[in-house]
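Remarks on the overall topology
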Amino acid sequence: MHRICVLGLGPAAIATAILLKREGYGVEVIGTERVQDAVEGVSWRAVDGLEKIGISGLREFLGPRWKRYSAWNDRSIEGNGEYVVNRIAFDKFLYKSLKKYSIPVCKARVENVSDIEGKIYVVKDSDCCGREVSEQCYDFLVDARGRGSPKKIRNESEGPISLALTRRYCNGHIYGDFRTYSEPFENGWAWVTHDQFGCGSIQIVIDPKYINVFDGDFRNLTDSLFKNLTYINKCVGPDIVFKDAVIVRGIRPVLRGELVSSRTVCVGDACYSGDPLSGHGIYEAISGSFAALAVINTIIRRPDSALIAKNYYVDRARQIFMSRINVAQEFYSMERRWASSGFWVDRFEQFDKMFSNAKTNITFPVFVNRPVVEYGYVVERRVALSKNNIRGVRFIDGVDLACLYDEIKQFSNGVSLKELCHKFGVTKYSVMNAIKWLFLNKFLPDFKIISDM
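Just so you know, these numbers come straight off a predicted model, no measurement behind them.

1. Examining the sheet that holds strand E8 (residues 119–124)
The strand order across the open sheet formed by three strands is E7-E8-E9, and the pairing between neighbours is antiparallel. Looking at which strands have only one partner, the edges of the open sheet turn out to be strand E7 (110–116) and strand E9 (135–138). Across this sheet, the average inter-strand angle for adjacent strands is 20°, counted without regard to direction. Here E8 runs beside E9; their pairing, made up of four bridges, is antiparallel. What sits directly across from Val123, in E9, is Glu135.

2. Quick word on the packing of aromatic side chains
Applying the stated criterion to the full structure yields 15 aromatic pairs. Here Phe61 and Phe93 contribute two aromatic rings whose centre-to-centre distance is 4.5 Å and whose plane-to-plane angle is 15°, an arrangement assigned as stacked. On the criterion of sequence distance, the pair formed by Phe61 in helix H3 (residues 58–62) and Phe93 in helix H4 (residues 87–100) is long-range, its members being 32 residues apart. Using a relative accessible area of 34% as the deciding quantity, one classes Phe61 as partly exposed. Counting every residue linked through ring pairs, the aromatic cluster contains Trp72, Phe331, Tyr332, Phe343, Trp344 and Phe351.

3. Here's the deal with the environment of Glu419
Within the secondary structure, Glu419 is located in helix H12 (residues 417–424). Separated by 35 residues in the primary sequence, Glu419 and Ala384 place their C-alpha atoms 22 Å from one another.

4. Here's the deal with the side chain of Ser182
Mapped onto the fold, Ser182 is located in strand E13 (residues 179–185). Accessibility expressed as a relative area gives 16% for Ser182, which makes it buried. When sequence neighbours within four positions are dropped, the list of residues in contact with Ser182 reads Tyr69, Ser70, Ala71, Trp72, Ala190, Trp191 and Ile232.

5. Concerning the pattern of salt bridges
If you walk through the whole model with that rule in mind, you get 32 salt bridges. Here Asp223 ties to Arg167 by a salt bridge, and the two come within 3.3 Å at their closest N and O atoms. Highlighted residues: Asp223 in helix H6 (residues 218–226) and Arg167 in strand E12 (residues 162–170), separated in sequence by 56 residues. Asp223 gets classed as partly exposed once you look at its relative accessible area, which sits at 28%. Between Arg381 and Glu374 there is a salt bridge, with the nearest N and O atoms lying 2.8 Å from each other.

6. Overview of the nonpolar core
Judged by nonpolar contacts, the single largest core of 83 residues is most densely connected at Leu20, Leu98, Val265, Ile296 and Tyr313. When residues no more than four places from it in sequence are discounted, the contact partners of Ile296 are Ile4, Leu20, Tyr25, Phe140, Val142 and Val265. Counting residues in hydrophobic clusters, the runner-up holds 23 residues, among them Ala71, Ile202, Leu229 and Tyr231.

7. Notes on the environment of Arg87
With respect to the secondary-structure elements, Arg87 resides in helix H4. In the structure, Arg87 is positioned 48 residues away from Val39 in sequence and 6.0 Å away in space, judged by C-alpha atoms. If near-sequence neighbours (up to four positions away) are discounted, Arg87 is found in contact with Pro11, Arg34, Ala38, Glu40 and Ile282.

8. Quick notes on the packing of helix H11 (residues 401–410) against H12
Running from N to C, H11 and H12 cross one another at 145°; their axes reach a closest spacing of 12 Å. Seen along the crossing, H11 lies across H12 with a hand that is right-handed. Residues Cys403, Leu404 and Glu407 of H11 pack against Leu420, Lys423 and Phe424 of H12. When the residues that make up the contact of H11 with H12 are grouped by side-chain class, the tally is four nonpolar, no polar and two charged.

9. A short note on the pairing of strand E22 (residues 389–393)
Direction of pairing for strand E21 (residues 377–386) relative to E22: antiparallel, over a ladder of two bridges. Bridge assignment links Ala384 to a residue of E22, and that residue is Val393. Counting the residues that bridge the hairpin from E21 to E22 gives two residues.

10. As for unusual backbone geometry
Cis geometry is found at the peptide bond from Phe364 to Pro365, where omega equals -5°. Structurally, Pro365 can be placed in the loop between helix H10 (342–357) and strand E20 (366–374). The phi torsion at Asn73 lies on the positive side, around 55°, for a residue other than glycine. If you trace the backbone, Asn73 turns up in the loop between strand E4 (66–70) and strand E5 (77–86). We classify Asn73 as partly exposed; its relative accessible area is 29%. We note that Glu117 has phi near 50°; this positive angle belongs to a residue other than glycine. Looking at where Glu117 falls in the secondary structure, it is placed in the loop between E7 and E8.

11. Side note on the sheet that holds strand E10 (residues 140–143)
With parallel pairing, five strands are arranged side by side in an open sheet as E6-E2-E1-E10-E18. With partners counted over all chains shown, the strands left at the sheet margins are strand E6 (105–107) and strand E18 (264–266), one partner each. The average angle at which neighbouring strand axes cross in this sheet is 15°, direction not considered. Where strand E1 (residues 3–7) and strand E2 (residues 26–31) come together, five bridges link them in parallel fashion. Across the sheet, Leu7 pairs through a bridge with Ile30, a residue of E2. Contacting E1, E10 and E18, helix H8 (residues 281–301) runs over the sheet at an angle of about 160° to E10.

12. Observations regarding helix H13 (residues 428–440)
Taking 1.5 Å of rise per residue, 13 residues should cover 18 Å, and H13 covers 18 Å from first to last C-alpha, within 8% of that figure. Buried residues of H13: Ser430, Val431, Ala434, Ile435, Trp437 and Leu438, and no others. With its buried residues spanning 155° around the axis, H13 presents them on a single face. The outward face of H13, more than 90 degrees from its buried face, is lined by the exposed residues Tyr429, Lys436 and Leu440. Of the residues flanking the end of H13, it is Lys442, one or two places downstream, whose phi is positive at about 70°.

Criteria and thresholds
- Residues numbered from 1 in each chain as written.
- Predicted model: local features only at pLDDT ≥ 70, side-chain atom pairs only at ≥ 80, totals over all residues.
- Heavy atoms only, no water.
- Pairing = 2+ DSSP bridges.
- Helix = DSSP H or I, 4+ residues; strand = E, 2+ residues; numbered from the N terminus.
- Axes fitted to C-alpha atoms, helices over the stretch in contact; angles between N-to-C directions.
- Phe/Tyr/Trp six-rings, centres within 6.5 Å; stacked < 30°, edge-to-face > 60°.
- Buried < 20%, exposed > 50% of the residue type's maximum accessible area, 1.4 Å probe, protein only.
- Contact = heavy atoms within 4.5 Å.
- Salt bridge = Lys/Arg side-chain N within 4 Å of Asp/Glu carboxyl O.
- Core = buried A, V, L, I, M, F, W, Y, C linked by side-chain atoms within 4.5 Å.
- Left-handed = near helix turned anticlockwise from the far one by under 90°.
- Nonpolar A, V, L, I, M, F, W, Y, C, P; charged D, E, K, R; others polar.
- Expected span 1.5 Å × (residues − 1).
- Arc of directions from axis to C-beta.

Such coordinate-based values are descriptive only and should not be taken to indicate function.
Dropping the structure here:
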């Protein structure tokens, strides 16, 4: 049995460890518990992913969805709901699932990782584990230690640096439900949680240069910035009382270098992290764990396809990272009231530069051979690339697009819907949906269907 070490105790580490254990690997987790408090939104897609992994009791822990409101570009809108979690409590809840799957955990700091003659050696803090077990040997390593994971080489891509100032409050309006708000202002933007008791947290994102205005006095800084939030002030009420100290953390969208090797793979924020405006941080950690499982399976059990698996993982990370940057840039460009303000100009220009560096020479639409996940392994298959789907699409409603395209192009006088349904073993609605996708993405500029059903 191959022995795999997972570094970290956050969602990416826990999800990957459980998936590997269920796949039959010998898994051990090494990491330290989160100490810095944080409040974070969790999408329903992340919840679905965790439930597929086998995390039980999750929805009871999360409680109801929070209503989401924003005042972007001076327009108040209500968006899709989200769950809100305290990250320390959330990580502890996920941690319990490691015991359910009998995955051993060593709560220790990792001092060193070495790759020697085909084996991974991990040196742990001997004060935690005892000097006799401070170094152990593994066949493979998953690094899911988050943003603090040591860099192996220079980052492949980096976005603008921001500071997030977070502070809790109480004595707000009581609505009887759970809400989140987001609002931009001249020097940044804010995200606020508001529970049914009128309490919550305020996170204000600014450029680090702005703290010089207040000589590093974060309490006065957050008080002053909060007054700029006219929409949020109206929502939470005029009598709120700030509690506790200001929590300050740096945030930056980053795509790491050397994401995967013959014996290691990075998952979660140790792989890439987006701008906070793009959201989906926990979802990316969970989806990344599924991708990492297929890559590890391929490298260990099908070594002849290891290079395909590595290329798949790197290309996937690049494309998702840039798609998250694109989402963030769209949000920044939507806000026109402070289009000439330094905070907004800097971010839009830096994101634009990142897009220029990531341009592709591919002419769309086109079918190409690309690595995909199939039955738990990475293999090469034909996929459809379009301007709106640069990662590639293989199936629509269970219909292989490349095979469907080949079938249609054989018949110049029209294609039989009945024959297509029989060939692909699906309903006519599935075939029509797949044909519609090909048509809308300009793979089929002109075709005729013979409706014989």
